[in-house]
Amino acid sequence: MDKLSIAALGLAIAAMAPITTVRAFELKVLAGGSMTASLKELAPRFEKATGHKLDITFAATPELIKMATSGPFDLGVVPVDVVKNDGARAKFAGAPENIARVGYGVAVKAGAPKPDISTPEAFKATLLKAQSIAVFPSSAAGAYVQKTFERLGIADQIKDKSKVQAAPGAIPQAVAKGEAELGIFLTNVLLAPGVELAGPFPGGLQNELVFIGGVAADSKDASAAKAFLDYLKTPEAAGVFKAKGVTPG
């Protein structure tokens, strides 16, 4: 190939390459474990569109507070309870924004009869009758579940039948395997293979866990971090959230 042809080939390759003036960053993201399914689908889309890379750590609220206060990160998509901790809140720049929310429910093994949880009284009776209940108490969502047991006045009575799981996703797995009769947690986590949602918490027992998004005060690129949070508020992201059982905003 002569010099002219080589030069022409070089120009052709340059013409095909995307032109960008934006530097790509790897962003360290702290996220609530219950957002795993949604963010694992949304992250690659954002990465493809922007060139930025996301290093997401999913954890429960106590661990997220520790990580926020002890180490560098760029942004968080975390339960609102994280920023109720003064130390963690100080690590975020500006006021965090609401990203998504989700309520609580009960799951049974696929094909199993669905118990009556339509009223607080029926819910209480179902819990007392159940042989075993999969829970994950070491999180903001899990703490609310335990609080609900206390409100129903049965916390001590179901303590021995509670099967504590190592992570939120293990709750539906335990139910699907027959290791627990009921699984109780956020409804989006309970939308999993091998289980079916018996229903949401009834009446005044229902609550929504709010997930907020915020850029870290010491983010290495606040504009890139903000771009991901903005993406989570787009119609595309809203569609994914809804498909995963999460309410946007």
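Reference entry: report on the structure contained in this document. Since this is a predicted model, take the numbers as computed values, not measurements.

**Examining the nonpolar core**
Formed by 65 residues in total, the largest nonpolar core has its most connected members in L127, L186, F201 and L232. It is strand β4 (residues 92-109) that provides the largest number of residues to this core, a total of 7 residues. Beyond its immediate chain neighbours, meaning those up to four positions away, L127 contacts I133, F149, L152, I154, I158, K161, L182 and I184. Ranked by size, the runner-up nonpolar core spans 13 residues in total, among them L64, I65, V83 and F92.

**Description of the packing of helix α2 (residues 36-50) against helix α9 (residues 222-231)**
Contact geometry for α2 and α9: axes closest at 11 Å, N-to-C directions at 125°. In terms of axis orientation, α2 runs oblique to α9. Handedness of the crossing formed by α2 with α9: right-handed. Counted together, L39, L42, R45 and F46 of α2 and A224, A227, F228 and Y231 of α9 form the full contact between these two elements. Residue composition of the contact of α2 with α9, grouped by class: 7 nonpolar, no polar and 1 charged.

**Quick notes on the pattern of salt bridges**
What the rule picks out here adds up to 10 salt bridges. Notably, a salt bridge pairs E236 with R45, separated by 3.1 Å at the nearest N-O pair. Here R45 lies in helix α2 and E236 lies in helix α10 (residues 235-243), a separation of 191 residues in the sequence. Classification of E236 by relative accessible area gives partly exposed; the value is 40%.

**A few points about the packing of α2 against α10**
Relative orientation of the contacting elements α2 and α10 amounts to 155°, with a least axis distance of 9 Å. Judged on the interaxial angle alone, α10 and α2 are roughly antiparallel. Viewed along their axes, α2 and α10 form a crossing whose handedness is right-handed. For the pair α2 and α10, contact is made by S38, E41, L42 and R45 and by E236, A237, V240 and F241, respectively. Partitioned by chemical class, the residues of the contact of α2 with α10 number 4 nonpolar, 1 polar and 3 charged.

**Examining α10**
Burial in α10 covers these residues: A237, A238, V240 and F241. For α10, the arc enclosing every buried residue in end-on projection is 160°, short of the 170-degree limit, so these residues lie on one face. Across α10 from its buried face, at more than 90 degrees, point the exposed residues P235, K242 and A243. Buried residues along α10 sit against α2, β4, α9 and β10 (247-248). A positive phi of about 85° marks G245, the residue just after α10.

**Remarks on the side chain of H52**
By secondary structure assignment, the location of H52 is in the loop between α2 and β2 (53-59). A polar atom in the side chain of H52 sits 3.0 Å from the backbone nitrogen of F25.

**Overview of the environment of V246**
For V246, the position within the fold is in the loop between α10 and β10. A C-alpha to C-alpha distance of 8.7 Å links V246 and M35, two positions 211 residues apart in sequence. Excluding residues that lie within four positions of it along the chain, V246 makes contacts with S38, A100, R101, N188 and F241.

**Description of the packing of aromatic side chains**
Counted by the stated rule, this structure contains 7 aromatic pairs. For the ring pair F73 and F92, a centre distance of 5.3 Å and an interplane angle of 65° mean the geometry is edge-to-face. Here F73, found in the loop between α3 (61-70) and β3 (75-79), pairs with F92, found in strand β4; they are 19 residues apart in sequence, far enough to count as distant. The exposure classification of F73 matches that of F92, with both residues buried. Ring plane angle 50° and centroid distance 5.1 Å describe the contact between F123 and F201, whose orientation is recorded as tilted. Taken as a pair, F123 in helix α5 (residues 120-129) and F201 in the loop between β8 (195-200) and β9 (208-216) lie far apart in primary sequence, 78 residues in all. We note that F123, like F201, is buried. Each residue in the set Y104, F123, Y144 and F201 is aromatic and connected to the rest through ring pairs, giving one cluster.

Conventions we followed
- Residues numbered from 1 in each chain as written.
- Predicted model: local features only at pLDDT ≥ 70, side-chain atom pairs only at ≥ 80, totals over all residues.
- Heavy atoms only, no water.
- Core = buried A, V, L, I, M, F, W, Y, C linked by side-chain atoms within 4.5 Å.
- Buried < 20%, exposed > 50% of the residue type's maximum accessible area, 1.4 Å probe, protein only.
- Helix = DSSP H or I, 4+ residues; strand = E, 2+ residues; numbered from the N terminus.
- Contact = heavy atoms within 4.5 Å.
- Axes fitted to C-alpha atoms, helices over the stretch in contact; angles between N-to-C directions.
- Parallel < 35°, antiparallel > 145°, perpendicular 65-115°, else oblique.
- Left-handed = near helix turned anticlockwise from the far one by under 90°.
- Nonpolar A, V, L, I, M, F, W, Y, C, P; charged D, E, K, R; others polar.
- Salt bridge = Lys/Arg side-chain N within 4 Å of Asp/Glu carboxyl O.
- Arc of directions from axis to C-beta.
- Polar contact = N/O pair within 3.5 Å; in protein donor to acceptor, adjacent residues only side chain to side chain.
- Phe/Tyr/Trp six-rings, centres within 6.5 Å; stacked < 30°, edge-to-face > 60°.

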